[in-house]
Amino acid sequence: FGSQNEPKIKFYKGYYFSFKDFIKQMPKRNFGNYVLFASFITFATTIASPFFTVYMLNYLKFDIITYTLIVLSSSVVSLLFMPLWGKIGDKYGNVKIMKFCGFFIFLVPLLWMLSAFIFDKVSIPLILFLIFIEIISGIVWSGFNLSSSTFAYHAVTRERMALCVAYEGVTASIGAFLGAILGGWIASLKSNIIGFKPILFVFLLSAVLRVLFFYLFINRFKEVRAIKSLS
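Bear in mind that the values here come from a model prediction, so they are computed numbers and not experimental data. (Residues numbered from 1 in each chain as written. Predicted model: local features only at pLDDT ≥ 70, side-chain atom pairs only at ≥ 80, totals over all residues. Heavy atoms only, no water.)

(A) Summary view of unusual backbone geometry. Unlike most non-glycine residues, Lys-61 shows phi in positive territory, near 60°. Along the polypeptide, Lys-61 turns up in the loop between helix H3 (51-59) and helix H4 (64-92). Although it is not a glycine, Ile-194 sits at a positive phi angle of roughly 40°. On the secondary structure map, Ile-194 appears in the loop between helix H8 (161-187) and helix H9 (198-217). (Helix = DSSP H or I, 4+ residues; strand = E, 2+ residues; numbered from the N terminus.)

(B) Expanded view of the environment of Val-208. Within the secondary structure, Val-208 sits in helix H9. With a relative accessible area of 47%, Val-208 lands in the partly exposed category. For the pair formed by Val-208 and Pro-198, sequence separation is ten residues and the distance between their alpha carbons is 15 Å. (Buried < 20%, exposed > 50% of the residue type's maximum accessible area, 1.4 Å probe, protein only.)

(C) Looking closely at the packing of H3 against H9. Relative orientation of the contacting elements H3 and H9 amounts to 150°, with a least axis distance of 11 Å. Accordingly, the angle class assigned to the pair H3 and H9 is roughly antiparallel. For the element pair H3 and H9, the recorded crossing hand is left-handed. Residues Phe-51, Phe-52, Val-54, Tyr-55 and Tyr-59 of H3 touch H9, and the partners they reach there are Ile-199, Leu-200, Val-202 and Phe-203. When the residues that make up the contact of H3 with H9 are grouped by side-chain class, the tally is nine nonpolar, no polar and no charged. (Axes fitted to C-alpha atoms, helices over the stretch in contact; angles between N-to-C directions. Parallel < 35°, antiparallel > 145°, perpendicular 65-115°, else oblique. Left-handed = near helix turned anticlockwise from the far one by under 90°. Contact = heavy atoms within 4.5 Å. Nonpolar A, V, L, I, M, F, W, Y, C, P; charged D, E, K, R; others polar.)

(D) How the structure looks around the packing of aromatic side chains. Here the structure, examined in full by the defined rule, presents 32 aromatic pairs. Ring centres of Phe-40 and Phe-217 lie 5.1 Å apart, and the angle between their planes is 10°; this geometry places the pair in the stacked category. Linking Phe-40 in helix H2 (residues 30-46) with Phe-217 in helix H9, this pair joins segments that are 177 residues apart in sequence. Under the relative-accessibility criterion, Phe-217 is labelled buried at 9%. (Phe/Tyr/Trp six-rings, centres within 6.5 Å; stacked < 30°, edge-to-face > 60°.)

(E) Geometry of helix H5 (residues 94-104). Within H5, the full set of buried residues consists of Asn-94, Val-95, Ile-97, Met-98, Cys-101 and Gly-102. The arc enclosing the buried residues of H5, seen along the axis, measures out at 155°, which places them on a common side. Considering only its buried residues, H5 is in contact with H2, H4, helix H7 (124-155) and H9. (Arc of directions from axis to C-beta.)

(F) Geometry of the side chain of Thr-46. Tracing the backbone through its elements, the reader meets Thr-46 in helix H2. By relative accessible area, which is 14% here, Thr-46 ends up buried. Here the side chain of Thr-46 touches Thr-42 through a polar contact of 2.8 Å, landing on its backbone oxygen. Among the polar contacts listed, one links the side chain of Thr-46 to the backbone oxygen of Ala-176, at a separation of 3.2 Å. Look past the residues within four positions of Thr-46 in its chain and what remains in contact with it is Gly-175, Ala-176, Gly-179 and Ala-180. (Polar contact = N/O pair within 3.5 Å; in protein donor to acceptor, adjacent residues only side chain to side chain.)

(G) Fine view of H3. If you check which residues of H3 are buried, you get Phe-51, Phe-52, Tyr-55 and Met-56. Along the axis of H3, the buried residues cluster in a sector spanning 145°; they form a single face. Looking at the buried side of H3, the elements it contacts are H4, helix H6 (107-118), H8 and H9. Taken from the residues just after H3, Lys-61 is the one with a positive phi, measuring 60°.

(H) Quick peek at a nonpolar patch on the surface. A cluster of nonpolar side chains, namely Val-170, Ile-174, Phe-177, Leu-178 and Ile-181, defines an oily patch on the protein surface of about 460 Å² accessible area. Structurally, Phe-177 can be placed in helix H8. Of the residues examined, Phe-177 reaches a relative accessible area of 53% and is grouped as exposed. (Patch = residues over 30% accessible without salt bridge, like charges linked within 9 Å, V, L, I, M, F, W, Y side chains within 5 Å. Areas by Shrake-Rupley, 256 points an atom, 1.4 Å probe, with all protein chains shown as cover. Salt bridge = Lys/Arg side-chain N within 4 Å of Asp/Glu carboxyl O.)

(I) Structural view of the nonpolar core. Ranked by size, the top nonpolar core spans 66 residues in total, and within it Tyr-34, Phe-37, Trp-112 and Phe-203 carry the most contacts. Elements represented by at least two residues in this core include exactly H2, H3, H4, H5, H6, H7, H8 and H9. Per-element tally for this core: the top contributor is H7, with twelve residues. When neighbours within four sequence positions are excluded, Trp-112 is seen to be in contact with Phe-52, Tyr-55, Met-56, Ile-70, Leu-130, Ile-133, Glu-134 and Phe-203. (Core = buried A, V, L, I, M, F, W, Y, C linked by side-chain atoms within 4.5 Å.)

Structure, rendered in structure tokens:
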């Protein structure tokens, strides 16, 4: 195998900034607005994402084979589409992929919720419908996650990349923690919420917040490298 040298990083004076400084500057910076977007989307997503398994095993009473088949469908599709999203991102930019895929991520919890009203009992059509939902999930989330992580490496200088990625991870983790706590609290309620079972309301709330945060933040940051126009 051939060798490849990694250029040394030269840290300039003043490259370091604290997490407190990062938080203060977030609304004023391109990368900061991206982090706000990603963190709020993570919050909205984790309201529902831990409870798809609960719904399948505790409410629908799926056996482990059916459950595994549904879960794997998303993972397999995600792996298949990842190279395609990578090529599109290299050519047309990561923000365009985030806009396209982010627009559809609300469909996943919404369709899970609607499945309870479309199918009145556990059946083969229900299982196929859930597999279809997870295929959609695998397609849109593979593009969204890949473009999000790649965008971060282009949006900041090399000297500050470790700091920025670490701080992004902290804010996203806070969003994930709060989202899961909120979803868990709602799902544990004993009475219906505006006519929905608590776990179905969790799916609905996650879908609504995904749409809300998408439109609030998606146009607040932009691509930072030269790309081809889709037109």
